[in-house]
Each structure stands twice: as C-alpha cells, then as structure tokens.
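# Structural features, examined
So you can see what is in the structure, the chains are spelled out below.
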Amino acid sequence: MKTVKTFEFPAELQPLYRKAKRLEWLTIAYLSVTVVVMYLTMGNSQAMKTAWYEDLLSLTPSVAFLVISRIFLKPANNEFPYGYHKVVSIAYLCSSLALFSVGIFLVIDSGLTLIKADRPTIGTTIIFGHQIWSGYLMIVALIWGTVPSIFLGKAKLPLAQKLHEKNLHTDAEMQKADWMTGVAAIVGILGIGWGFWWADAVAASLIALDVIHDGFKNLKQALFDLIDQIPKTVDNQKPDPIIKHIEEFLRQKSWIKDSAIRIREDGHIYFGEAFVVPAVTTNLTQHLEDTSREIENMHWHLHEFIITLVSQLPTSENK
Amino acid sequence: MRLVHCFILLVFIISACHNFPRDPDKTLEKVKNGTLLVGYSENPPWVIKTNAAPTGLEAELIKEFAQTQQAKVIWVNDTEQDLFEKLEKQELHLVIGGITDKNSWKSKISFTRPYYQIPKEKHVMAVIKGENAFTVALETFLHRQEANLPSRLQTYENR
C-alpha cells in the first residue's frame, strides 16, 4: 500500500511558519491579559460582557493553530495512510462553530437586555486611592483590547496567505476587524455616560451580530472544506488558479488525447487525480510517472497527484 | 490607524465634560435643591428608628449627603421588601438599612460600591438602577467619609 509521504512546509516557508507560531503565542499571551483586564472592569455593561466573550473566543483560532501544528506534520502510517492533514479542517470547524454558537447566544442575551429595558448601573472604582467613574476604566480596557490586536492581525494576514493556513487567516481577519467591536463597546459605554441606557445594549447587539457574521462565514467554509470543495485561495476564496494551470498542462502533453482532473484540499495541501485517455500505446508507464512528478513539482501545495488511464472520460454534470 | 487615534482623543475630550456620567431619568437633577426620598428599615447600628427622623450611621450619612446637594430629606419607613419594590418603581431615590452586597435584590435595583467593609460583610446602599450620576455622587460622598467611619459606627453601637 502506498502511504502519503511525510510533509513539511518547503524550506523557504519554514521561517514564516516559525514566525506564525511565535505570533500566535504572542496572541495567546496578549489575549489572556485582555480577557482578565476586561473581566475585572466589565461591571454591569452588556457591551463589555459581549466584547469579553468575543475576546475569549478569539483565543480559539490561535490555540487551534498551535495544537494542530503538533499533529499535522506527523508522517502518514498504516493506520492513517493519508497523514494527519485533515486536522487543520477539523480545527477550523471547531473554532468557527464556537464562534457561531456564542454569537447566537450573545444576540439573544443582548436582545433580552434591550427588551427588558435592563438599565446598566456603572458606579465608581478606587484606583490608587483616587475615585473615578468605572466607565473610564472600561474604555481603557477596551482600547488595550483593540489597538494591539489590529497590529497583530495585520502581521498575521500575509503569513496566512503564504502558508495556506485557514485557522491563521480567520484569526488574523477577526483581529484586524476587532477595532469595530472596540469602538462599538466604547460608544455603548459613553452612551451610558450621556444618560442613554439603551446605547450599551444596542452596542452589545451589534457586536454579537458581527460575531455571528464571522462565525457563519467560517462555519460554511469549514463544512465546504470537509466535503472536499475544490481548493480556493485563502485570501479571497476564488478557485485556486493552479487548477486551470494543470488542465492546460495536461492538454499540451502529446501522449494525452483527453483528460479530466479533480483536486481536493486537506489542510495546507492538495490531493489530485487525473483521468487520462492516452494517445499512444508505448511507454505509457513512463509517461504517466513523469507527468505525475512534473505536476507534483509545480507547487508545494500539490502533495500527491495520481493519473489513471481510462478508455473514455467519466462524464461530469458540469460539462 | 489615524482614525483610531482620532477616535480615542475624541472619547477623552467628550467625556471630560464635568457632568459625566448623566442619569437617564435625571434623579440627581431632581434631588439637587429639591427633596431626597429615602426609604429606611431599622437595623442598628446602621439605622436606628426614633420618634422623629431615624439616626444611626447610615441615616446620619444620608443627612449629610442631602446637605451637600441642598436637598430636604423625606423619610419613608417600611420593610426592606416593600422599600425595594418602591425603589424599583422609582418612588424612592435611595434605600438604607445595613444592606450588604450579598442581598439578592441586585437584579432589580442597584447597590453602591461597598462604602464600609468588615470581614465577610460589605455594606452598601440601594439606589435606582442605571441612575449613574446619582450613584456616582453618592459614592463620591461616601468615599470622602471613609476615614472616620469606624469611630462613628462605634458611637452608635455603644448606645
């Protein structure tokens, strides 16, 4: 039985991969501090509570990334002949499902606060012997939870694209967009200060809707990945141009009369098959192995490409 | 990024105004130069019932607080339960009676930050939910009295 060979990122991507891991450790450290700071200052504000949940949840993609990074590089074996690449998709599913379900919980929670006209009381806090309105502390906590995370997100985005790493990409996108949550929550707290009790619950609902939006988008993609959708680019979800490129490549081979391919994505890498109607009868095995290797060498994504000889192409409904 | 900086600056400029936070229902404005409606239930040494106005540490503190707001105090005596119900309907501004932060009414009304702590007991006063300017004014007043509260409490305990 042929097992899938061990896989590591190509040499030029190794430093990027290590950098991504460092950034994720930094993210976890930073978010842990944020979660504690937010919890201590949260008080009665619904917007703070919602933003706190969001921050707590935004730990999951980073944790998922670091956990799976210990698994997906394991070599394939008799028990798992395709390797462990799919853990990437599973981690992606878990973090997006968490995001989505907490988003729903938060929308209901904030909606109820609004309907019940539950007015948030924000009193004072003593800091180093000085008494200040707790709302100011919340705003400081929110700024701490917002500004650094924008920079972290921006640093991670290009890495995610180069490494074809969806967990990292979700994480980076969410962090980059985190300023909206911060601003919404700050406006909510200022609203309380101005005497508009509902501003807080409205801000909380907006944040919760944003969490649902993120969650749904990612949950959909995670499910599509697990049912083997064709590979898409990480950044803009367009079909990977390499598919067209391989089709073109096969068409130009003189030993091939007709061909059809299909490709699926397992985490960072692609598995593909081609059904080929040969134009010649000699040296077929040689042609087949050479072409296979040439395709696998096109890009590090292309992990395994199998060519099958057929007398007639399987019919596809799309064509 | 410049947008974020501008925003943060804006936050501090706007909120640096002197009357911040404000009350949704203007409780503090109504109390100032007006009347302060205080519910009390007896609980010595915090609140001690007399034939006239109540005394005890909390009652005396509230008299002083009312003075700082140039307000006249109207005292309402009832059970804690009834007082909290009135407070929830905003028929009172404030309820005292040796209440601690363990009180289970927390969700319908609000408590001030504990102004006096002895082990396992954090003493608070009950206020209308969400009236933040009033809450902050009361907490600020109580914070200023903090230093001489233990000795003052003693004088009521020895009666």
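Residues numbered from 1 in each chain as written. Chains lettered and ligands numbered in written order. Predicted model: local features only at pLDDT ≥ 70, side-chain atom pairs only at ≥ 80, totals over all residues. Heavy atoms only, no water.

## Focus on the overall build of chain B
Note the cut-off: Helix and strand labels come from DSSP, where a helix needs a run of H or I of at least four residues and a strand needs a run of E of at least two; each type is numbered from the N terminus. Throughout this description, buried means an accessible area under 20% of the type-specific maximum (1.4 Å probe, protein chains only), exposed means over 50%, and partly exposed covers the range between. Note on contacts: a residue pair qualifies if any of its non-hydrogen atoms lie within 4.5 Å across the two residues.
What chain B contains, in helices and strands, is six helices and seven strands. Each helix (α) and strand (β) of chain B, taken in turn from the N terminus, gives the series α-α-β-α-β-α-β-β-β-β-β-α-α. A buried classification covers 49% of the 159 residues belonging to chain B. Considering only intrachain contacts with a sequence separation of at least 6, the fraction spanning at least 24 residues in chain B is 63%.

## Comments concerning the nonpolar core
We count it as follows: Note on terminology: a nonpolar core comprises buried Ala, Val, Leu, Ile, Met, Phe, Trp, Tyr and Cys residues joined through side-chain atoms within 4.5 Å.
Of all hydrophobic cores here, the largest spans 33 residues; its most connected members are Met38(A), Met48(A), Trp133(A), Leu142(A) and Ile189(A). Within the residue set of this core, elements represented by two or more residues are α1 (14–41), α2 (46–57), α4 (87–115), α5 (134–163), α7 (178–193) and α8 (198–226) of chain A. Residues Ile62(B), Phe65(B), Tyr116(B) and Val127(B) belong to the second largest nonpolar core, which totals 30 residues.

## A short note on the domain arrangement of chain A
Residue and element names in this part refer to chain A. Note the cut-off: Note that the domain bounds reflect an automated or database-derived domain assignment. Buried area counts how much accessible surface, traced with a 1.4 Å probe, disappears from two parts once they are put together, with both parts' losses summed. Throughout this description, the term salt bridge denotes a Lys or Arg side-chain nitrogen within 4 Å of a carboxyl oxygen of Asp or Glu. Contacts described as polar in this section are N or O atom pairs within 3.5 Å, which, within protein, must combine one atom able to donate a hydrogen with one able to accept it, while residues neighboring in sequence count only if both atoms come from side chains. Gly is placed with the polar residues, together with every amino acid not listed as nonpolar (Ala, Val, Leu, Ile, Met, Phe, Trp, Tyr, Cys and Pro) or charged (Asp, Glu, Lys and Arg).
According to the domain assignment, chain A contains domain 1 (12–227) and domain 2 (241–309). Of note, the centres of domain 1 and domain 2, computed from C-alpha atoms alone, are 41 Å apart. Between domain 1 and domain 2 the total buried area reaches about 1,000 Å² when both faces are included, carbon and sulfur atoms providing 54% of it. For the domain 1 face of the interface with domain 2, the top three residues by lost area are Tyr 82, His 85 and His 164, together amounting to 52%. Note that Asp 266 is salt-bridged to Lys 86, the shortest N-O span being 3.5 Å. For the pair domain 1 and domain 2, the number of links is three residue pairs in polar contact (both at pLDDT 80 or more). Every element with two or more residues in the side of domain 1 that touches domain 2 is listed here: α4 and α5. A breakdown of the residues in the side of domain 1 that touches domain 2 according to their chemical character gives five nonpolar, three polar and five charged.

## Let's talk about the pairing of strand β3 (residues 256–266) of chain A
All names here are of chain A. Stated precisely, the cut-off is as follows: Here the rule is simple: two strands pair whenever DSSP picks up at least two bridges between them.
In terms of strand pairing, β3 meets strand β4 (residues 269–278) through 10 bridges, oriented antiparallel. From the neighbouring strand, Ile 263 faces β4, where its bridge partner is Gly 272. Joining the antiparallel neighbours β3 and β4 is a turn of two residues, in which Gly 267 adopts a positive phi near 65 degrees.

## Considerations on the UniProt feature "domain: Cation efflux protein transmembrane" (unreviewed entry) in chain A
Note the following rule: UniProt positions are given in the numbering used here, feature names are shortened, and annotations may be inferred rather than shown by experiment.
Residues given the UniProt feature "domain: Cation efflux protein transmembrane" (unreviewed entry) here are residues 28–227 of chain A. A distance of 30 Å separates the end C-alpha atoms of residues 28–227 of chain A, which is 76% helix and 4% strand.

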